[in-house]
Amino acid sequence: MHASLSLAQARRIALAAQGLDKERPAGPVTARAVGRTFARLHLVQIDSVNVVSRSHFLPFFSRLGNYDRAILQRMAGTHPRRMMEYWAHEACFIRPDHFHDLVQWQNRTWVGAHAMDPELRNGVAARVLETLAAGQPLTAAELTARLGHVEDRQRDQWGWNWNAVKRVLEHLFEEGLVSAASRTESFERRYTLTARVLPGPGGEAAAQARDAAAAMDRLIDAAARAHGIGTVRCFADYFRTPQKAAAMAVRNLVDTGRLQPVTVAGWDRPLYRHVEAKLPRSATGRALLSPFDSLVFERRRLQELFGFHYRIEIYTPEPKRRYGYYVLPFLLRDAIVARVDLKADRAGGLLLVRTAHAEPGAPEDTAVELAAELKLMAEWLGLGGVVVSPTGDLASALAEAVAEPANSSIR
């Protein structure tokens, strides 16, 4: 017999697994709290868009509130590293203990040099590895200059106009031989040998990861812990692993008692709950979610679980956008109740709300709670205030709430 859950219970399980079910703790956010949050999420997606803030900073604000972003830089850039870069859902910061398992299963051949002439690729790779082994971490541009590499590049082709050195670097990154030691102010990777980021790459963890099936079991177990409840597709999508192999891992995890088959009213696909997943009695949190937040990774799951239809419209031509360029869902208690298109006007010192839309059935306190969250975000970003444009069915009420004195509730 499968355990039966309501949709509301499934939502609370999912929110608790992601650390979004409770009000934020009062007081300063410690490095330990940031580390615990990352350990729970297992990864945060990286994206170059900086309309509000770099995408990997936002999930921690959603869960912790006003925190020091330098904590993440230390976690990713100093030993012993608590996070490192690799391909997962997309380009991500991952927990280092997942690295060897992910190397077994990632296949992002389009990002690097697989299509290059093998002799040229191998020659450049040998010089890159020799140079990185002999010195400090370098950006692709610095390596290009150090190697004296010159080439004529087509400016009208896909691929971000990468030269051969950058393409080989990304090839070596995917193979797990090269990693990112840190990022520059302009968000360029500083490359180094993976052995310097993750000492002992030939050790026990690497040996265990050579068993690809066991590696997949560990990845799906981690994805299921991060989700709390979900389908094979949900779990496979978290680290972007093949669904067929993920399905086999789910069966293995069911057999070992790590996953429990469940049924949820209104969610008519095979579902599994992780044995460690908690079911809180209520959800009391509040959060603006990045378009790249792990709660909203899988759009079908988001629709089935929260009744929220969401698409990122960054790449949609402006006249065809429905809600805006950089739209953040707003979670209130156990529902996603609104969405806002935000922009940090750093020169003007303001957080701009370019559109604000409420979801059907949004509670009466949506505007007040959203206003408080926007003010908290502006404070975190070092901006002096929030300005709401008169676009969207929630805009008028939100502008009025923003104009009110700050609420003492931190959530």
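Shown above is the structure to which this text applies.
Structure report, in brief. (Residues numbered from 1 in each chain as written. Predicted model: local features only at pLDDT ≥ 70, side-chain atom pairs only at ≥ 80, totals over all residues. Heavy atoms only, no water.)

1. So, the overall build of the chain
Helices and strands together make up the secondary structure of the chain, namely 16 helices and 14 strands. Whereas a compact globule of 411 residues would reach a radius of gyration of roughly 22 Å, the chain reaches 22 Å, a difference of no more than 12%. Along the first, second and third principal axes, the C-alpha atoms of the chain reach 65 × 60 × 40 Å. Across the 411 residues that make up the chain, the buried fraction comes to 55%. In the chain, the proportion of contacts linking residues at least 24 apart, taken out of those at least 6 apart, comes to 66%. On the chain, roughly 18700 Å² of surface is accessible, and the fraction owed to carbon and sulfur atoms is 51%. Of the charged side chains in the chain, 53 are positive and 45 negative, and the gap between their average positions amounts to 3 Å. (Helix = DSSP H or I, 4+ residues; strand = E, 2+ residues; numbered from the N terminus. Rg over C-alpha atoms; globule rule 2.2 N^0.38 Å. Buried < 20%, exposed > 50% of the residue type's maximum accessible area, 1.4 Å probe, protein only. Contact = heavy atoms within 4.5 Å. Areas by Shrake-Rupley, 256 points an atom, 1.4 Å probe, with all protein chains shown as cover. Lys, Arg positive; Asp, Glu negative; His and termini not counted. Charge placed at Lys NZ, Arg CZ, Asp CG, Glu CD.)

2. Structural notes on helix α7 (residues 140-147)
Three or more residues of α7 are buried, namely A140, L143, T144 and L147. Along the axis of α7, the buried positions cluster into a sector of 105 degrees, meaning they face one direction only. Opposite its buried face, α7 presents the exposed residues A145 and R146, each directed more than 90 degrees away. G148 sits one or two positions beyond α7 and adopts a positive phi of about 70 degrees. (Arc of directions from axis to C-beta.)

3. Let's talk about the packing of α7 against helix α8 (residues 164-175)
In the contact formed by α7 and α8, the axes pass within 9 Å of each other and the chain directions differ by 120 degrees. When the axis of α7 is compared with that of α8, the two are oblique. Crossing of α7 against α8: the hand is right-handed. Between α7 and α8, the residues in contact are A140, L143, T144 and L147 and V165, K166 and L169, respectively. Broken down by class, the residue content of the contact of α7 with α8 amounts to 5 nonpolar, 1 polar and 1 charged. (Axes fitted to C-alpha atoms, helices over the stretch in contact; angles between N-to-C directions. Parallel < 35°, antiparallel > 145°, perpendicular 65-115°, else oblique. Left-handed = near helix turned anticlockwise from the far one by under 90°. Nonpolar A, V, L, I, M, F, W, Y, C, P; charged D, E, K, R; others polar.)

4. Side note on the packing of aromatic side chains
By the definition in use, this model includes 9 aromatic pairs. For the ring pair Y67 and W380, a centre distance of 5.6 Å and an interplane angle of 25 degrees mean the geometry is stacked. With Y67 in the loop between α3 (58-64) and α4 (70-77) and W380 in helix α15 (residues 366-380), this pair connects stretches of sequence that are 313 residues apart. Arranged with centres 5.2 Å apart and planes meeting at 75 degrees, the rings of Y86 and F99 form a pair that is edge-to-face. With a gap of 13 residues between them, Y86 in strand β3 (residues 84-87) and F99 in helix α5 (residues 99-105) connect regions that are remote in the sequence. Across the pair, exposure class does not vary: Y86 and F99 are buried alike. (Phe/Tyr/Trp six-rings, centres within 6.5 Å; stacked < 30°, edge-to-face > 60°.)

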